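Coordinates in review
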Amino acid sequence: MQSVLISGAGIAGAALAHLLRRRGFAPTVVERAPGVRAGGQAIDVRGVALDVLDRIGVLGQAREVRTRVRGMSVLDADGTEIDRSTEYALSSGRLDGDDIEVLREDLVRLLYERTREDVAHVFGDSVRALTEDADGVVVEFAHAPARRFDLVVGADGLHSAVRRLAFGPEEDFTRHLGSYLSVFGAANFLGLEDWQLWMRDGDAGFGIMPVRDNRELRIAFGFESAPLERGTDLKALVVERLAGLRWEGDRLAKAALEAPDFYCDAMAQIHLDRWSRGRAVLLGDAGHCPSPLSGQGTSLALVGAYVLADALAAAAGDHVAAFAAYESRMRPFVTVNQALATENPGGPASEESVARAKNAIALDG
């Protein structure tokens, strides 16, 4: 039974852990956070990724907790409605389609529940060093004693520690897309009922949606910016930028300042010539982040987990062959989905492009 360390307990890591355990592997998940992460934006699961959720056994539950929205309004900088739709939402696409939108924390919880009983989880720790030899990889952790594994999977996101240790500095693989995105929760101080608001003011803008039966809001605020220096106080910057908005700026700034789940990061993509090196392999955003601008990060993570688990199972212990098969199948799918983020700068990709991209792979191919 091959032992596999998965760095990251998000969507990619949790899905892979379940799929590997089901195929007879012994996965261990290490996660920097003290537990399953809460918060985060609403995320889309589209096309073939829905089949992955179905095969994992959580599609029905995911549909039950999907976001509910009747439509959206587009506002000008003063808060005046300039457009509306009851057929389409900027966050999720057509409202009458089969694709689903769920809160990130809800999908992570569903996937974690599939692994909680039979997969070892180490929370509050992280990978610090990798030393490979002919028999495996010795992994040093920030807190726990070093352990040996047959394989290591970096499913630890845009700022992957496994990628840095196995491949090199993050800046060698990052393409900045010219903006930053902040996401945070708040009480529904706008009184929205299953209705989204979208607004742009100069080089900044937001999307606001009610969640949790309209008790809460998820606020996504974006602003154009060149790459910021490491150590920049992103929360202070976002609060300042929000306070400068002409419509609801003060209340939005206060919500960001007080939010316990505040998040902000650059809109960026990861591009590598290969996703494996020795016994280490990258999955999801760690290997090929398309950025939230694509709307396909979650789907790439789920499909990638399925393809990698299948490749490892079929290779009968030959990780070199498995990693090559995984990359051969996934790279064309990744390429077409990463392109969605740059197809229409400042706006979503066309429905036709999304329709092609979301099904540009077959699970049983």
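Please refer to the structure higher up on the page.
Residues numbered from 1 in each chain as written. Predicted model: local features only at pLDDT ≥ 70, side-chain atom pairs only at ≥ 80, totals over all residues. Heavy atoms only, no water.

Thoughts on the overall build of the protein chain
What the protein chain contains, in helices and strands, is 12 helices and 20 strands. Expected size for 365 residues packed as a compact globule is a radius of gyration near 21 Å; at 20 Å, the protein chain falls within 12% of this value. Its C-alpha atoms put the protein chain at 65 × 40 × 35 Å along the principal axes. Relative to its 365 residues, the protein chain shows a buried fraction of 53%. Within the protein chain, counting contacts between residues at least 6 apart in sequence, those at least 24 apart form 69% of the total. Distance from the positive charge centre (40 side chains) to the negative charge centre (53 side chains) of the protein chain: 4 Å. (Helix = DSSP H or I, 4+ residues; strand = E, 2+ residues; numbered from the N terminus. Rg over C-alpha atoms; globule rule 2.2 N^0.38 Å. Buried < 20%, exposed > 50% of the residue type's maximum accessible area, 1.4 Å probe, protein only. Contact = heavy atoms within 4.5 Å. Lys, Arg positive; Asp, Glu negative; His and termini not counted. Charge placed at Lys NZ, Arg CZ, Asp CG, Glu CD.)

A word on helix α4 (residues 104-113)
For α4, a buried count of seven out of 10 residues is recorded, marking the element as mostly surrounded by other parts of the structure. Buried within α4 are the following residues: E105, D106, L107, V108, L110, L111 and Y112.

A short note on helix α1 (residues 11-22)
Between its first and last C-alpha atoms α1 spans 17 Å; for 12 residues at 1.5 Å apiece the expected length is 16 Å, and the two agree. A positive phi of about 95 degrees marks G24, the residue just after α1. (Expected span 1.5 Å × (residues − 1).)

A few points about the sheet that holds strand β13 (residues 151-154)
Spatially, six strands are ordered β9-β2-β1-β13-β20-β19 in an open sheet, and the strand pairing comes out mixed. The open sheet terminates on both sides in strands that have one partner only, identified here as β9 (120-123) and β19 (276-277). In the sheet, strand β1 (residues 3-7) pairs with β13 via four bridges, with the strands oriented parallel. Note that in β13 the partner of V4 across the bridge is L151. (Pairing = 2+ DSSP bridges.)

What to know about the pairing of strand β16 (residues 204-211)
Most of β16 is tucked away, with eight of its eight residues classed as buried. A two-sided burial pattern is seen for β16, the buried positions comprising A204, F206, I208 and P210 on one face and G205, G207, M209 and V211 on the other. Judged from the five bridges that link them, strand β15 (residues 195-201) and β16 form a sheet pairing that is antiparallel. Counted as the bridge partner of D201 is A204 from β16.

Considerations on the side chain of D156
Looking at where D156 falls in the secondary structure, it is placed in the loop between β13 and α5 (161-167). R32 provides the closest opposite charge to the buried, salt-bridge-free D156, at an N-O distance of 6.5 Å. Looking at D156, its side chain comes within polar contact range of the main-chain nitrogen of A161, at 3.0 Å. Here D156 is in contact with S7, G8, A161, V162 and A286, once residues within four sequence places are set aside. (Salt bridge = Lys/Arg side-chain N within 4 Å of Asp/Glu carboxyl O. Polar contact = N/O pair within 3.5 Å; in protein donor to acceptor, adjacent residues only side chain to side chain.)

A look at the pattern of salt bridges
Summed over all chains, the structure comprises 24 salt bridges. The partner of R331 in a salt bridge is E327, and the shortest N-O contact between them spans 2.7 Å. Residue R331 and its partner E327 are both found in helix α10 (residues 319-338); the two are separated by four residues, about one turn of the helix. Judged by its relative accessible area of 27%, R331 falls in the partly exposed class. The class of E327 is buried, set by a relative accessible area of 13%. Via salt bridges that share partners, E105, D106, R212, E216 and R218 belong to a single interconnected network.

A word on the sheet that holds strand β12 (residues 147-149)
Consider a sheet: its strands pair through backbone hydrogen bonds, and that pairing is either parallel or antiparallel. In spatial order, the strands read β10-β11-β12; together these three strands make up an open sheet with antiparallel pairing. Only two strands of the sheet have a single neighbouring strand rather than two, namely β10 (127-133) and β12. On average, each strand axis in the sheet is tilted by 30 degrees relative to the strand beside it, whichever way the strands run. Taken together, the six bridges between β10 and strand β11 (residues 136-141) define a ladder with antiparallel strand orientation. Looking across to β11, one finds that T131 is bridged to V138. (Axes fitted to C-alpha atoms, helices over the stretch in contact; angles between N-to-C directions.)

Topic: the packing of aromatic side chains
Scanning the entire structure with this criterion turns up six aromatic pairs. Ring centres of Y112 and F123 lie 6.2 Å apart, and the angle between their planes is 70 degrees; this geometry places the pair in the edge-to-face category. Taken together, the residues Y112 in helix α4 and F123 in strand β9 connect sequence positions 11 residues apart. For F123, a relative accessible area of 26% puts it in the partly exposed group. (Phe/Tyr/Trp six-rings, centres within 6.5 Å; stacked < 30°, edge-to-face > 60°.)

As for the layout of surface pockets
Roughly 220 Å³ of volume is contained in the second largest pocket. Together, E64, V65, R66, T67, R68, L103, D106, D194, P210, V211, R212 and D213 line the second largest pocket. Considered class by class, the residues forming the lining of the second largest pocket number four nonpolar, one polar and seven charged. (1 Å grid on protein atoms, 1.4 Å probe; cavity = no way out; pocket = protein on both sides within 12 Å on 5 of 7 lines; lining within 4 Å. Points joined across faces, edges and corners; volume = space filled by probe spheres on them. Nonpolar A, V, L, I, M, F, W, Y, C, P; charged D, E, K, R; others polar.)

Function cannot be read off these values alone, since they describe shape.
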